[in-house]
Amino acid sequence: MLAILIAHAIATAVAPLLVYRWGRRAFYPLALVPLGSLYWVATNWPSDQSDARVYRLDWVPQLSMDIDLRFDTLAAIMSILVLGVGALVLFYCADYFHHHDEHTEKRLPSFAAELVAFSGAMFGLVTSDNMLLLYVFWELTSVLSFLLVGHYAERATSRRAATQALMVTTLGGLAMLVGIVILGQYSGTYLLSELVARATQHSVTGTAIDVALVLVLIGALSKSAIVPMHFWLPGAMAAPTPVSAYLHAAAMVKAGVYLVARLTPGFADAPPWRPIVVGLGLLTMLLAGWRAVREYDLKLILAFGTVSQLGLITVLVGSGGGDLMLAGLTMLCAHAMFKAALFMTVGIIDHATGTRDIRRLAWLGHRLPVLFVIAAAATASMAAIPPFLGFVAKEADFETLLHSPSLGPWAPWVLAGVVAASVFTTIYSLRFLWGAFARKGLRSPNARVAQLHRPSISFQFAPAVLAAAGLFFGLVPNLLERLLDPYAESLPGGADYHLALWHGLNLPLLLTVAILAIGVPDLANEAMNAVRKGGHVNLFAGFTAGNVAVTVTNKDGTNRVQTTGATFFGVPAAEGAISDAQCYYDALRGRFVAL
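Residues numbered from 1 in each chain as written. Predicted model: local features only at pLDDT ≥ 70, side-chain atom pairs only at ≥ 80, totals over all residues. Heavy atoms only, no water.

**Thoughts on the overall build of the chain**
Stated precisely, the cut-off is as follows: Where helices and strands are cited, they refer to DSSP runs of H or I of at least four residues and of E of at least two residues respectively, numbered from the N terminus. Buried, partly exposed and exposed residues are distinguished by accessible area as a fraction of the type maximum, computed with a 1.4 Å probe on protein chains only: under 20%, between the cut-offs, and over 50%, respectively. In what follows, residue pairs with any heavy atoms lying within 4.5 Å of each other are defined as contacts.
Counting its secondary structure elements, the chain contains 23 helices and 5 strands. Considering the chain as a whole, with its 595 residues, one finds that 62% of them fall into the buried category. Of the contacts formed within the chain by residues at least 6 apart in sequence, a portion of 78% connects residues at least 24 apart.

Below, the structure is given as structure tokens:
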């Protein structure tokens, strides 16, 4: 474990030199660092929770700040995501930063170093057993996120998005630090493994512990963009797409979910735990899902979708119970695969056409059939369509929520909320695919698509691997279950549920069919109306009147505006500048209080 951290530190130091020497091609050797680290993870995979590898090095024992690393099954699962997706993203960067005039961006050397350092910091975070050491890595990821999101420092939107993300996650981290100190002092240990073991035996209780848990949850939920601390994530889409594919799909935003999963075995029954985790998780799913279906920027569709699905994963891993933990970890893995693949797909589209606005894309599927197949596979997993892993995970979610003893009489209501949010997931998933690749009633490609630069095979390799992984584990989910089940079994009551592509004709399957039956016609109706009118449909929410306005733009450029009486939380979209995150930052900064 320490060797992996040292290897990433050395790679971080030499990354600028490699980029100065080889340009964008330096990302290829840099990708070997997390890829090589995967070999250690695979060869040292723990058979169960009791088989954890432990490393200890005295650092500041007087302050209980020692380097205590622990590689158990949960750390192994997170390491696969952090290192595996990290290696693919670094490989992807070599083509993403390929400019047609062959120039090298001035800040590319520092960007390469920051991205490699982030991979190492995330590995340190998920393997830290000492809570104070975990906090060090936690804040290190926040600082690196600030640098990566603000890569285009000459743009005001990038600077504001980076500052906003830093402020939210750092303030949440400071609250978490206070909670960590209280937990450590009252429990007599700063080791996560010992703390959870003592809490499982009900020896860590009291008002101070409850306050500490609330503070720790503030840090965890702010990191994973849970309402009301979610607004920094859509703004962070001002970052280069590799950053979104890594930090905002598979790594940084999973840190909070990881900490919730780590503490759930010991503290799920604490008085403040479930009301916060389940309540805010459900609210996040619904609000962010509703926002995702109203976006036109491909990255923002994925960003709000990510926030929504993080809410779902938080509910599953934080409710308590081995079956729910298994379902939550399955969804966590599925989400990392399909969302990272889709973010990379958006990067390829933007790179090839110069736009991410779905109103400016038509016939892209015809021009880029390979990319369309990759996106369709990843989107099918996101929409929970068989035989992809997303479908297996969603079936597990429904079944385990329906029969959850930890949620008691609230289980049906939580399930109803998840089903409602899943309808939004289906709509924005299909809308993403249709908006990016469909012909949309046009007889030929529009200007952006007609003049596109065709992406290379190597550029499409990384998202293809992740999309294929979603299909593979969907067909043989028992292989994934063998990796996830040991941690789920460690929770009180164990885990009885088994992952499978086919469980027979049951309620979860009927719910999936019902969700598709609602979501598909809704999108089809919007698409047909747009094609019939020869234009596009623009939905945006206004804060002033609290109503929803529908603007139909015809071929001749005239507009018809209709206003409904619906009142919902929303942020105005930026006409003609969908890729610009400034409107979201300004709106959220000045008006989010209305929520």
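**Thoughts on the pattern of salt bridges**
Cut-off, in case you're wondering: A carboxyl oxygen of Asp or Glu within 4 Å of a side-chain nitrogen of Lys or Arg is what we treat as a salt bridge.
Going through the model one piece at a time under the given rule, you end up with 13 salt bridges. Note that Asp-72 and Arg-262 form a salt bridge whose closest N and O atoms lie 2.5 Å from each other. You can see Asp-72 sitting in the loop between β2 (65–71) and α3 (73–96) and its partner Arg-262 sitting in helix α11 (residues 252–267), a full 190 residues away along the chain. The buried category is assigned to Asp-72, whose relative accessible area is 1%. Among the ionic pairs, Arg-356 bridges to Asp-297, the shortest N-O distance being 3.0 Å. Linking Arg-356 in the loop between α14 (322–353) and α15 (364–367) with Asp-297 in the loop between α12 (273–292) and α13 (298–318), this pair joins segments that are 59 residues apart in sequence. Of the two residues examined, Arg-356 and Asp-297, each falls in the buried class. Through salt bridges with shared partners, one network takes in Arg-56, Asp-58, Asp-66 and Asp-68.

**Observations concerning the packing of helix α2 (residues 27–43) against helix α4 (residues 108–127)**
Operational definition: Only the contacting stretch of a helix is used when fitting its axis, a line to C-alpha atoms as for every element, and angles between N-to-C directions run 0 to 180 degrees. Throughout this description, any angle smaller than 35 degrees is read as roughly parallel, any larger than 145 degrees as roughly antiparallel, any in the 65 to 115 degree range as roughly perpendicular, and the remainder as oblique. Each residue is assigned to one class: nonpolar for Ala, Val, Leu, Ile, Met, Phe, Trp, Tyr, Cys and Pro, charged for Asp, Glu, Lys and Arg, and polar for all the others, Gly among them.
Direction vectors running N to C along α2 and α4 enclose 10°, while the axes themselves pass 10 Å from each other. Taken as axis vectors, α2 and α4 run roughly parallel relative to one another. In this structure, α2 uses Phe-27, Leu-30 and Pro-34 to contact α4, whose residues at the interface are Leu-108, Phe-111, Ala-112, Val-116 and Ser-119. Counted by class, the contact of α2 with α4 contains 7 nonpolar, 1 polar and no charged residues.

**Section: the side chain of Gln-49**
Heads up, the condition is: Under the rule applied, a polar contact is a pair of N or O atoms within 3.5 Å (in protein, one hydrogen donor and one hydrogen acceptor; residues adjacent in sequence only if both atoms are side-chain atoms).
Along the chain, the position of Gln-49 falls in the loop between α2 and β1 (53–60). We classify Gln-49 as buried; its relative accessible area is 17%. Polar contacts involving the side chain of Gln-49 include one to the side chain of Thr-73, which spans 2.4 Å. Excluding residues within four positions of it along the chain, Gln-49 makes contact with Arg-70, Asp-72, Thr-73, Leu-74, Pro-486, Tyr-487 and Ser-490.

**Quick look at the environment of Val-216**
By secondary structure assignment, the location of Val-216 is in helix α8 (residues 207–223). Under the relative-accessibility criterion, Val-216 is labelled buried at 4%. With 39 residues separating them in the primary sequence, Val-216 and Leu-177 have C-alpha atoms 7.3 Å apart. With residues near it in sequence (within four places) discarded, Val-216 still touches Met-176, Gly-179, Ile-180, Leu-183, Leu-259 and Leu-263.

**Some points on the pairing of β2**
Definition in use: In this analysis, strands are considered paired if DSSP registers two or more bridges between them.
Of all 7 residues in β2, 6 are buried; the element is thus mostly enclosed. Bridge count between β1 and β2: 6 bridges; the pairing is antiparallel. Looking across to β2, one finds that Val-54 is bridged to Arg-70. Connecting β1 to the antiparallel partner β2 that follows it, the hairpin turn spans 4 residues, and Ser-64 within it adopts a positive phi of roughly 60°.

**Focus: the packing of α11 against α14**
Put simply, the rule reads: For any helix crossing, the convention is left-handed if the near helix is rotated counterclockwise from the far helix by under a right angle, and right-handed if that rotation is clockwise.
At a minimum axis distance of 12 Å, the contact between α11 and α14 shows a crossing angle of 165°. Taken together, the axes of α11 and α14 lie roughly antiparallel to each other. The handedness of the crossing between α11 and α14 is left-handed. Between α11 and α14, the contacting residues are Lys-254, Val-257, Ala-261 and Thr-264 on the first element and Met-325, Leu-332, His-335 and Ala-336 on the second.

**Let's talk about helix α1 (residues 2–22)**
The criterion, for reference: Under the convention used throughout, the expected extent of a helix is 1.5 Å for every residue step, that is, one less than its residue count. Two axes are fitted around each residue, one to the seven residues ending there and one to the seven starting there, and the angle between them is reported as the bend at that residue.
In this model, α1 (21 residues) spans 29 Å end to end at C-alpha, consistent with the 30 Å of a helix rising 1.5 Å per residue. Of all bends in α1, the biggest is about 40°, found at Val-14, and the proline Pro-16 comes one to four residues later. On its buried face, α1 sits against α2, β2, α3, α4 and α5 (131–149). Two residues or fewer past α1, Gly-23 is found with a positive phi of approximately 70°.

**Considerations on unusual backbone geometry**
With an omega dihedral of 10°, the bond running from Val-227 to Pro-228 counts as a cis peptide bond. When you line up the elements, Pro-228 lands in the loop between α8 and α9 (232–235). Residue Pro-387 is bonded to the preceding Pro-386 through a cis peptide linkage, with omega at 5°. With respect to the helices and strands, the residue Pro-387 is situated in the loop between α16 (369–382) and α17 (389–402). Here Ala-225, not a glycine, exhibits a phi torsion of approximately 55°, which is positive. Inspection of the secondary structure puts Ala-225 in the loop between α8 and α9.

**Focus: the packing of aromatic side chains**
As a reminder, the rule being used: Two rings belonging to Phe, Tyr or Trp (six-membered ring only in the last case) form a pair when the distance between their centres is within 6.5 Å. Interplanar angles under 30 degrees mark stacking, angles over 60 mark edge-to-face geometry, and anything in between is tilted. Should the NZ of a Lys or the CZ of an Arg lie within 6 Å of a ring centre and within 35 degrees of the ring normal, that charge is described as sitting over the ring.
Applying the stated rule across the entire model yields 11 aromatic pairs. With a centroid separation of 5.2 Å and an interplanar angle of 40°, the aromatic rings of Tyr-92 and Phe-459 are classed as tilted. Separated by 367 residues along the polypeptide, Tyr-92 in helix α3 and Phe-459 in helix α20 (residues 457–475) bring together distant segments of the chain. Across this residue pair, the class does not change: Tyr-92 and Phe-459 are buried. One aromatic cluster is present, formed by Phe-27, Tyr-92, Tyr-96, Phe-97, Phe-111 and Phe-459 through successive ring pairs. The lysine or arginine in question, Arg-155, covers the ring of Tyr-152, its NZ or CZ lying 4.1 Å from the ring centre.

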